[in-house]
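Observations on the model geometry
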Amino acid sequence: MASKEFRERIKKALGNASLRGALERFADSYVVAREQVYAGRDFQALRERIAAIKADAANRYGELADEFARAVEARGGKVFRAQDPASAREYIYQVAREHGVTDVVKSKSFASEEIHLNEYLEERGIHPHETDLAEWILQLMPGERPSHMVMPAIHLPKEEVARVFSRYLGEPVKPDIAQMVRIARRELRKKFLSAGMGISGANIAVAETGTIVICTNEGNARLTTTVPPVHVAIVGYEKLVPRMQDVVPILEALPRSGTAQPATSYVTMITGPVPAWLGDREGPKELHVVLLDNGRTAMAADPIFKEALQCIRCASCTNVCPVFQLVSGQVYGYIYSGGIGSILTSFFNSLEDAADPQSLCLGCRRCAEVCPANINIPDLILKLREKVVAKQGLPATYRIVLHGVVAKPKLMHGLLRTAARLQGPVTHGQPFIRHLPLFFSPLAHGRSLPAIARQPLRDRAKQLERPVENPRLRAAFYSGCVIDFAYPEIGEAVYQVLGREGVEVVFPQGQACCGAPATYSGDRETAVKLAKINIAALEAAQAEVVVTACPTCAVALKEDFPKLLAGNLAWEKRAQALAAKVKDFTQLVSELTAQAGRILSAPAAAGGPTPASPAACREPIRVTYHDSCHFKRHLGLDQVARQVLRDQPGVELVEMKESDRCCGFGGSYSIKYPEISLPILERKLKNIMDSGAQVVATDCPGCVLQLRGGLDQRHSPLQVKHTAEILAARLGANPKDRT
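These numbers were taken from a predicted model, which means no experiment stands behind them.

Digging into the overall build of the protein chain
Each helix and strand counted, the protein chain has 37 helices and 22 strands in total. Its C-alpha atoms give the protein chain a radius of gyration of 29 Å, near enough to 27 Å, the size a compact globule of 739 residues would have. With the principal axes as the frame, the protein chain shows a C-alpha extent of 95 × 60 × 50 Å. Across the protein chain, the fraction of contacts at a sequence separation of at least 24, relative to all contacts at a separation of at least 6, is 78%. When the accessible area of the protein chain is evaluated, it comes to approximately 29,500 Å², of which 54% is carbon and sulfur surface. Here the protein chain holds 91 positive side-chain charges and 79 negative ones, and the gap between their average locations is 4 Å.

Some thoughts on empty space enclosed by the protein
Following the criterion strictly, the structure yields seven cavities of 30 Å³ or more and no others. When its volume is computed, the largest cavity comes out at roughly 180 Å³. Along the walls of the largest cavity sit 22 residues, with C321, G339, C361, L362 and C367 positioned nearest its centre. Those elements that place two or more of their residues in the lining of the largest cavity are α14 (316-319), α16 (338-348), α17 (351-358), α18 (366-370) and α19 (377-392). Here the lining of the largest cavity gets three residues from one element, more than from any other, and that element is α16. Across the lining of the largest cavity, the residue classes break down as 14 nonpolar, six polar and two charged.

Things to note about helix α21 (residues 409-422)
For α21, spanning 14 residues, the distance from its first C-alpha to its last is 20 Å, which sits close to the expected 20 Å at 1.5 Å a residue. Those residues of α21 not exposed but buried are P409, M412, H413 and A420. Projected onto a plane normal to the axis of α21, the buried residues spread over an arc of 95° and lie on a single side. Residues of α21 that are exposed and point over 90 degrees away from its buried face: K410, R421 and L422. Lining the buried residues of α21 we find α20 (396-406), α23 (457-464), α24 (480-485) and α27 (524-540).

A look at the pattern of salt bridges
The tally for this structure, following the rule as stated, stands at 41 salt bridges. When salt bridges with common partners are traced through the structure, they connect E114, E238, R296 and R313 into a single cluster.

Some points on the state of the cysteines
Applying the stated criterion across every chain yields a total of zero disulfides. The thiol of C371 is not disulfide-bonded; the next cysteine sulfur, from C314, is found 6.4 Å away. There is no disulfide at C514, and the cysteine sulfur nearest it, in C553, is 3.9 Å away. Take C514: its relative accessible area is 8%, and that puts it in the buried class.

Observations regarding the nonpolar core
Within the largest apolar cluster, 97 residues are counted, with the highest numbers of intra-cluster contacts made by V327, I340, I343, L360 and I676. Excluding anything up to four places from it in sequence, I343 contacts M299, F305, A308, I377, L380, I381 and L384. Among the nonpolar cores identified, the runner-up in size contains 46 residues, and V505, V720, A724 and L731 belong to it.

Brief notes about the side chain of Q310
Inspection of the secondary structure assignment puts Q310 in the loop between α13 (296-300) and α14. Excluding residues that lie within four positions of it along the chain, Q310 makes contacts with A51, K54, A55, A373, N374 and I375.

Considering the packing of helix α2 (residues 17-37) against helix α12 (residues 247-259)
Where α2 contacts α12, the axes come no closer than 7 Å and their chain directions differ by 145°. Taking contact as the criterion, the partners of F26, Y30, R34 and V37 in α2 are, on α12, R256, S257 and G258. Among the residues making up the contact of α2 with α12, the classes are represented as three nonpolar, two polar and two charged.

A closer look at the packing of α17 against α19
A pair of packed helices is characterised by two quantities: the angle between their axes and the separation of those axes. Between α17 and α19, the least distance of the axes is 10 Å, while the angle of their chain directions is 125°. By the angle between their axes, α17 is oblique relative to α19. The two elements α17 and α19 cross, and the hand of that crossing is left-handed. Within the contact between the two elements, α17 uses L351, E352, A354, A355 and Q358 and α19 uses I381, L384, R385, K387, V388, K391 and Q392. Its residues assigned to classes, the contact of α17 with α19 comprises six nonpolar, two polar and four charged.

As for the packing of aromatic side chains
Remark: the centre distance and the inter-plane angle together describe each pair of aromatic rings, the angle taken between the planes. In this structure the tally under the stated criterion is 14 aromatic pairs. Among the aromatic side chains, those forming a connected cluster through ring pairs are F110, Y336 and F348. Here R124 stacks its cationic end above the ring of Y93, 5.9 Å away from the centre of that ring. Here the guanidinium or amino end of R296 rests over the ring plane of F348, the centre of that ring lying 4.0 Å away.

Considering helix α4 (residues 61-74)
Across its 14 residues, α4 extends 20 Å between first and last C-alpha, which sits within 8% of the 20 Å expected from 1.5 Å per residue. Taken residue by residue, α4 has Y61, L64, A65, F68, A69, A71 and V72 as its buried positions. Burial along α4 is one-sided: seen end-on, the buried residues are contained in an arc of 165°. In α4, the exposed positions angled more than 90 degrees off the buried face are occupied by R70 and A74. Note on α4: the residue one or two positions beyond its end, G76, has a positive phi of about 100°.

As for the environment of R296
Inspection of the secondary structure assignment puts R296 in helix α13. Relative accessible area serves as the criterion here: at 1%, R296 is assigned to the buried category. Separated by 124 residues in sequence, R296 and P172 have C-alpha atoms that sit 46 Å apart. Filtering out sequence-adjacent residues up to four positions away, R296 remains in contact with Y61, E114, G236, Y237, E238, L309, R313, Y336 and F348.

As for the sheet that holds strand β20 (residues 651-654)
Taken together, four strands build an open sheet; the order of strands is β20-β19-β21-β22 and the sheet is parallel. Strand pairing shows two members of the sheet lacking a second neighbour, β20 and β22 (719-722), which therefore form its edges. Going across the sheet, the axis of each strand differs from the next one's by a mean of 35°, ignoring polarity. In this structure, strand β19 (residues 621-625) lies alongside strand β21 (residues 695-698), joined through three bridges in parallel fashion. Bridge assignment links Y625 to a residue of β21, and that residue is A697.

Focus on the environment of V696
Positionally, V696 belongs in strand β21. The exposure class of V696 is buried, given its relative accessible area of 0%. The sequence separation of V696 and L718 amounts to 22 residues, and the corresponding C-alpha distance is 7.3 Å. The residues contacting V696, other than those within four sequence positions of it, are T624, H626, M656, I688, L707, L718, Q719, V720 and K721.

Quick notes on the sheet that holds strand β12 (residues 286-292)
Taken in spatial order, the six strands of this open sheet run β1-β12-β7-β4-β2-β3, and their pairing is parallel. Each of the sheet's edge strands pairs with one partner strand only, and the pair in question is β1 (78-82) and β3 (127-130). Averaged over neighbouring strand pairs, the angle between their axes works out to 25° when direction is ignored.

Considering a nonpolar patch on the surface
On the surface, a nonpolar cluster with roughly 410 Å² of combined accessible area is contributed by L438, F439 and F440. Relative to the assigned elements, L438 resides in the loop between β13 (432-433) and β14 (449-450).

Quick word on unusual backbone geometry
Despite not being glycine, A260 shows a phi value in the positive range, around 60°. Position of A260 relative to the elements: it lies in the loop between α12 and β9 (266-271). By relative accessible area, A260 is classed as buried at 15%. Positioned with a positive phi, Q542 is a non-glycine residue whose angle comes to about 50°. Topologically, Q542 is positioned in the loop between α27 and β17 (545-548). Q542 gets classed as exposed once you look at its relative accessible area, which sits at 67%.

Analysis parameters
Residues numbered from 1 in each chain as written. Predicted model: local features only at pLDDT ≥ 70, side-chain atom pairs only at ≥ 80, totals over all residues. Heavy atoms only, no water. Helix = DSSP H or I, 4+ residues; strand = E, 2+ residues; numbered from the N terminus. Rg over C-alpha atoms; globule rule 2.2 N^0.38 Å. Contact = heavy atoms within 4.5 Å. Areas by Shrake-Rupley, 256 points an atom, 1.4 Å probe, with all protein chains shown as cover. Lys, Arg positive; Asp, Glu negative; His and termini not counted. Charge placed at Lys NZ, Arg CZ, Asp CG, Glu CD. 1 Å grid on protein atoms, 1.4 Å probe; cavity = no way out; pocket = protein on both sides within 12 Å on 5 of 7 lines; lining within 4 Å. Points joined across faces, edges and corners; volume = space filled by probe spheres on them. Nonpolar A, V, L, I, M, F, W, Y, C, P; charged D, E, K, R; others polar. Expected span 1.5 Å × (residues − 1). Buried < 20%, exposed > 50% of the residue type's maximum accessible area, 1.4 Å probe, protein only. Arc of directions from axis to C-beta. Salt bridge = Lys/Arg side-chain N within 4 Å of Asp/Glu carboxyl O. Disulfide = S-S within 2.5 Å. Core = buried A, V, L, I, M, F, W, Y, C linked by side-chain atoms within 4.5 Å. Axes fitted to C-alpha atoms, helices over the stretch in contact; angles between N-to-C directions. Parallel < 35°, antiparallel > 145°, perpendicular 65-115°, else oblique. Left-handed = near helix turned anticlockwise from the far one by under 90°. Phe/Tyr/Trp six-rings, centres within 6.5 Å; stacked < 30°, edge-to-face > 60°. Lys NZ or Arg CZ within 6 Å of the ring centre and 35° of its normal. Pairing = 2+ DSSP bridges. Patch = residues over 30% accessible without salt bridge, like charges linked within 9 Å, V, L, I, M, F, W, Y side chains within 5 Å.

Dropping the structure here:
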């Protein structure tokens, strides 16, 4: 569970309307602008190239650092290799002291903030002055935190900045952006001219030439690195690349992914000391490069987490993150924010410092979709979560639920059956739970919960398993818990539709939870146990195909089980054999109808249902489609589902805005962080209602749960249907409708 302090930061951020408004406006325009600026370019090829360059560099930091140091020193510069923040700070302080420096100008350096350089210098009588405009504004506001990696003061309205400037100058300043920029330029120019040292970071460091590459949009980095007689560049090992030509793809991607610009306004390349004015004469500038380790070489040696060193700090992952857009970088607590920031924090700070920030990841995978370095951030977050749990243990509530209930299928199913019998006082005979008592009440705030089915799908299965004459194939149906115990009507629809297509469907009674709740909680032990239970149960069905109508379950069966059991030769082989058989329901329907050369509603094999009222089944309906995160970004079936729906006579498919934006469910996330899940849901519901559709289709029962509950509390007549239910209804085989 997140700490109390972390919860307080979330609460404060969510209550800051200015912050949310600024981040949402930027994020909305960013998505469109990014798409335009990458138009005509092969983004996949570009990011694979960057990933290859950075991965190669991470495999030989020692070699590249030696080459870089030789190149810098050959041109008269000095290179200091700092193992930790303390040694980096002390080296920089000693350089400043030797030159009698009292004032320092800084630009473009996350690394200096990572090592807390400002505080260290100030304690020793040296005054650091930030010169990036946003950083300078924040420096004038003690206690204020950056809200974004690339635009740290995006949350501040111009009126607030005017008040800050007024306090600083001791005179009133109007909230006029042009005037405030002139003031900043005037005040900072004084700092540049009087500072004895300039400190910068670097976007790239080229080993073969010793070149430092700095990208900015304000030009202040050029003044920082050229005007003062001493320049110190703090460069993390992950900025090293072997050759000058490796700079090109990074410069191509960095502005496009960061701010959706075709090019950065200023690209500065510094190769060795350059001439500078030394007060009374021109002479060579003194150049120091601090190569900062601070956990980077340990990260490079980690076979899993070294992937994160491919990051080029564009912050595109945070620009598209629905959680970040609500809470901003201020919540994360450390210099690197967002999902990638959590991973970096675990190595640059500590695993304990990353424990709370990593828990914010919803797992929607939008970040992985846009990352120009091809980093699988969501999977790394799950690995990080496992490390946190391995060191700190599961929170007591999670341990009781996962180890004590979910890992014991018979007990879990028995408890659900008991709950179904006793739920009357909270359901009042309705299909929804709209209110819960006491401390459970937040769970039903803004979103109704489904009542537990009086008869789970597993108890109905025998009645549904009708004989199919000359079946095209035999399929084992893996329902997942939500369909089994909350929405058995979706399971009935699966039986109806596949039966219509001549598929013999069986329900393996030994199946259990797919383990996703354990996987997403970092509980590997329970996930492994459930994987073995399910493999054994599904093997016993002796089916040609394992079909599921839940994309989260599909990902668990197809991808997670082989990974969880890797190294256990017998089980790994069985997991891979199972994975090869797994198909999503809609994917299977698409394939079966394509093989038959017809659409679903055309006559099919014997054994399926006969439409009771064909005319009624073809009444026009307007449907909008919600992309489940797993269904689109893991399984890649979003267009398959749309085509299956379009093929249905009478179905008009209309697109909603942001159809692939998460609904905020995220499994246990909606329970863990209901205050974040709810505003994400509200945005989704608005887009749905604005679409003008009568029905929302989706292929994820978890999304069905979230969307139905949200629409119910808003008294909306809109219906939420799994694709299977829509197809079954078009066949005239409509199972019992709970909506």
